[in-house]
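These are the residues of each chain, in order.
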Amino acid sequence: MNYRHAYHAGNFADVVKHVLLIELVTQLQNKDKGLALIDAYAGRGIYNLGSEQARKTAEADSGVTKLLSAPLTDAPEAVEKYAALLAACRAQHGQKTYPGSPWFMLEASREQDQVQAFEKHPEEHSYLHYLFEGVNRVGVHQRDAWEGIGAMTPPPTKRGLVFIDPPFESEHRDFTALVERVTAAHKRWSTGVYALWYPIKNTEAHVLFEKKMRRTGIANLLLVELGAYPKDSPMGLSGTGLVVINPPWKFSDAADKIVQYLKPRLEAIPGQGYASVRWLKSDG
Ligand SMILES: C[S@@+](CC[C@H](N)C(=O)[O-])C[C@H]1O[C@@H](n2cnc3c(N)ncnc32)[C@H](O)[C@@H]1O
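Residues numbered from 1 in each chain as written. Predicted model: local features only at pLDDT ≥ 70, side-chain atom pairs only at ≥ 80, totals over all residues. Heavy atoms only, no water.

Undergrad: Describe in detail the packing of helix α1 (residues 12-27) against helix α10 (residues 251-266), supporting the description with residues and values.
TA: Running from N to C, α1 and α10 cross one another at 155°; their axes reach a closest spacing of 11 Å. The angle between α1 and α10 falls in the class roughly antiparallel. α10 is crossed by α1, and the crossing has right-handed handedness. Residues F12, V15, V16, V19, L20, E23, L24 and Q27 of α1 form the contact with α10, whose own contacting residues are F251, A254, A255, I258, V259, L262 and L266. Class assignment of the residues belonging to the contact of α1 with α10 gives a composition of 13 nonpolar, one polar and one charged. (Axes fitted to C-alpha atoms, helices over the stretch in contact; angles between N-to-C directions. Helix = DSSP H or I, 4+ residues; strand = E, 2+ residues; numbered from the N terminus. Parallel < 35°, antiparallel > 145°, perpendicular 65-115°, else oblique. Left-handed = near helix turned anticlockwise from the far one by under 90°. Contact = heavy atoms within 4.5 Å. Nonpolar A, V, L, I, M, F, W, Y, C, P; charged D, E, K, R; others polar.)

Structure below.
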């Protein structure tokens, strides 16, 4: 539990992850019925990009700050919505803030939707708890992500999303655990939408992860990736990925437009990054 998202808030991976999260929540709203939205590794909800931790890595400089340094001409709707929500957050909490996934999840949701956020770290949890105090359709729980997923799925509404954004403190261990746990969660609630974030660091771990995901027997698996650096760059984090299980039917097209739009705006050297959307398994 050494991980602190304050060092990474607003980096290129956060931008891609949060835009895709907004797109998913929006697409799930095609019916009036309320949604159960679960953020299993929620973080503290709002970060200060002027903090010592954020300045130490300056990761937001090549993420959200870089994205907003040029006009967002002809942006996909989810990118526009992301920028508008970010501006609203900054107007309310200060120009140096950056909101996290539970904040975007809540802001992109409707009155009839319920948000449940799990955060295990006591300090991160108390920030989040304070941020959402009095918002009656949000539950903030200090609990383990998988214990919470087990307790709260399948939700009574039967429609919803589980967003899984682990810290990956030990890359190999977390990939293995992630596949096992998501397989168990999917067995319990097979029609739920699951979005799992994963880092793209070394190709070996990444290829193994795909192989393991393919072997789970889960039918609808979409991979969305964006590399800020070419594959196999000796970078800590060269790319960002999201596996989406049971994506809404228009999600793959929208995700493709999003990553193609963001790639030239977030890649480190023009033309050297990559963006892709592909089915790992599809039953359609
Ligand atoms: C990558 S950060 C989350 C960032 C957040 N999803 C966002 O996009 O703004 C991972 C978070 O998970 C928390 N965490 C670590 N282990 C956990 C566990 N077993 N259950 C729940 N939360 C955990 C960490 O304290 C950290 O705040």
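Structure's up, so let's keep going.
Undergrad: For the site of the ligand, give the residues involved together with the corresponding values.
TA: Around the ligand, the structure places 19 residues, and the nearest of them are H18, S101, E119, D144 and D165. Separating a nitrogen atom of the ligand from a side-chain N or O atom of S101 is a distance of 2.7 Å. The separation between a nitrogen atom of the ligand and a polar main-chain atom of A145 is 2.8 Å. Protein contacts shield 95% of the accessible area of the ligand, which totals 600 Å² for the unbound molecule. Of the residues contributing to the shell around the ligand, the split by class is seven nonpolar, six polar and six charged. (Near = heavy atom within 4 Å. Polar contact = N/O pair within 3.5 Å; in protein donor to acceptor, adjacent residues only side chain to side chain. Areas by Shrake-Rupley, 256 points an atom, 1.4 Å probe, with all protein chains shown as cover.)

Undergrad: Lay out the packing of α1 against helix α4 (residues 77-93) with the relevant residues and their values.
TA: Between α1 and α4, the shortest axis-to-axis distance is 9 Å and the interhelical angle comes to 110°. As the angle between them shows, α1 and α4 are arranged roughly perpendicular. In this structure, α1 contributes V15, H18, V19, I22, E23 and T26 to the contact, and α4 contributes A78, V79, K81, Y82 and L85. A breakdown of the residues in the contact of α1 with α4 according to their chemical character gives seven nonpolar, two polar and two charged.

Undergrad: Now, about the side chain of T240: what can you tell me, with residues and values included?
TA: As for its position among the elements, T240 is in strand β9 (residues 239-245). By relative accessible area, T240 is classed as buried at 2%. For T240, the residues in contact, after removing those within four places along its chain, are F12, A13, V16, W197, Y198, I200, V224, E225 and L226. (Buried < 20%, exposed > 50% of the residue type's maximum accessible area, 1.4 Å probe, protein only.)

Undergrad: I'd like to hear about the sheet that holds strand β6 (residues 160-164), residue by residue, with values.
TA: A sheet is described by the order of its strands in space; here eight strands give the open sequence β5-β4-β1-β6-β7-β9-β8-β10, paired in mixed fashion. Either end of the sheet is taken by a strand with one partner, and the two such strands are β5 (138-141) and β10 (274-281). Taking each pair of neighbouring strands and ignoring which way they run, the sheet shows an average axis angle of 15°. The pairing of strand β7 (residues 193-200) with β9 spans seven bridges and is classified as antiparallel. Considered in β9, the bridge of Y194 is made with I245. Contacting β1 (36-39), β4 (114-118), β5 and β6, helix α7 (residues 145-152) crosses the sheet at an angle of about 150° to β4. Running over the sheet, helix α9 (residues 203-215) touches β7, β8 (221-227), β9 and β10 and is turned about 30° from β10. (Pairing = 2+ DSSP bridges.)

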